[in-house]
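Observations on the three-dimensional arrangement
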Amino acid sequence: MTLPEINSLYSTDERCRELLKKLRWPLGVECLRCKSNKVYELPTQKKFECSECKYQFSVITQTIFNDTHLPLETWFMAVLLLVEARKGISANQVKRTLGISYKTAWYLCHRIRKAMAGAHKPMLDGTVEMDETYIGGKQRGATSAWRKANQHKKEVVIGIRQRNGELRFFHAEDAKTGTLAKYIQEHVSADVDVIVTDDLPAYQKAVGTHKHETVNHTAKEYVRKVDDFCITTNTIESAFSLLKRGIIGSWHKVSAKHLSAYLEEMTFRFNRRKRPDLFVDTLRHMVTADPMTFEDLTAEKTA
Ligand SMILES: [Zn+2]
């Protein structure tokens, strides 16, 4: 989907609503309250009314668009900007491109991310690479001793990637055995062929009874071939470098509180990068996700 295509296909509120209606209720409109399909349209009010319980609702009621004051055409363009930016896009850039306020752009992007986060995530299988990286803190001009001393102040991101398959990123507490084991258990299939990691000792126990291969990064080994099989973590590392370019180049400063949301955005887009329906698929997630209020977003995390 390109900007000219969106401009011609979804140029009016009515056309946007028509698409959202198809995505939300592929089998026909259903009452949000009593699930009845005896629903009729009130076109002048852009609403539906249920014949059974008389409840009135619109195509965006109780979705990520809930209570929005922005035109749907603007939402559609924001979605295109987000899904087409391989390394992400800053709220400032969205603000400038769409001519909206920074606060509106920021909230808008976070709502799109929240919908992305709700996407179904199948268990990873086959050959799976796993690695960890550190995000944040002072980067420029830092000496290696400073980096080492301050590593605990950085945020840990654990990455798991199925070769020729999907990618997952997690904002983790730490990279200790128990944490690594938890992510493997929750996201890697029980009958995975092999898990490839570097030689960080924590992985030894974390992988449990799964077949495990390691590359010895300490000895500067990056690829080892056994028969035709490449023992390497290069594919997860290339995903990390995309993430870091996104954080440095587009998002500039990502707070620890919102890091998970950016990770969800990055992996959602990455896992669908070859799909021609990426734009429409994102809208489908938005119209089937629960609302997120500005208060929800700005509330302090209690956990
Ligand atoms: Zn009803």
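Residues numbered from 1 in each chain as written. Predicted model: local features only at pLDDT ≥ 70, side-chain atom pairs only at ≥ 80, totals over all residues. Heavy atoms only, no water.

**Observations concerning the sheet that holds strand E2 (residues 47-50)**
The cut-off we apply is this: By definition, two strands form a pair when at least two bridges between them are found by DSSP. Numbering of helices and strands runs from the N terminus, with a helix taken as a DSSP run of H or I at least four residues long and a strand as a DSSP run of E at least two residues long.
Pairing is antiparallel in the open sheet, where three strands are placed in the order E1-E2-E3. The open sheet is flanked by strand E1 (39-42) and strand E3 (56-57), the only strands paired with a single partner. Across two bridges, E2 lies against E3 in antiparallel orientation. Looking at the pairing, Glu-49 lines up with Gln-56 of E3.

**Side note on helix H7 (residues 177-187)**
Formally: Throughout, exposure labels follow a simple rule: accessible area from a 1.4 Å probe, protein chains only, divided by the maximum for the residue type, with under 20% read as buried, over 50% as exposed, and the rest as partly exposed. The arc in question is traced by the directions running from the helix axis to the C-beta atoms. By definition in these notes, contact holds between two residues if any of their heavy atoms fall within 4.5 Å.
Among all positions in H7, only Thr-179, Leu-180, Tyr-183, Ile-184 and His-187 are buried. Burial along H7 is one-sided: seen end-on, the buried residues are contained in an arc of 135°. The exposed set on the far side of H7, more than 90 degrees from its buried face, consists of Gly-178 and Gln-185. Residues of H7 that are buried sit in contact with strand E4 (127-135), strand E5 (155-162), strand E6 (167-172), strand E7 (194-198) and helix H8 (202-206).

**Re the coordination of the zinc ion**
Worth spelling out the cut-off: Excluding water, the donors of a metal are its N, O and S neighbours within 2.8 Å, or within 3.2 Å for Na, K and Ca, and that exclusion means sites may look incomplete. Four donors are marked tetrahedral only if all angles between them lie between 85 and 135 degrees, whereas four are marked square planar and six octahedral if opposite donors are more than 155 degrees apart and the other angles lie between 65 and 115; the remainder are marked irregular.
Each protein donor to the zinc ion is listed here as Cys-31 (SG), Cys-34 (SG), Cys-50 (SG) and Cys-53 (SG); together their distances run 2.3 Å. Around the zinc ion, the four donor atoms sit at angles spanning 103 to 119°, and that spread fits a shape best called tetrahedral. Mapped onto the sequence, the residues coordinating the zinc ion show the spacing C-x2-C-x15-C-x2-C. A residue pair is termed long-range when its members are at least 10 positions apart, and Cys-31 in the loop between helix H2 (13-24) and E1 and Cys-50 in strand E2 qualify at 19 residues.

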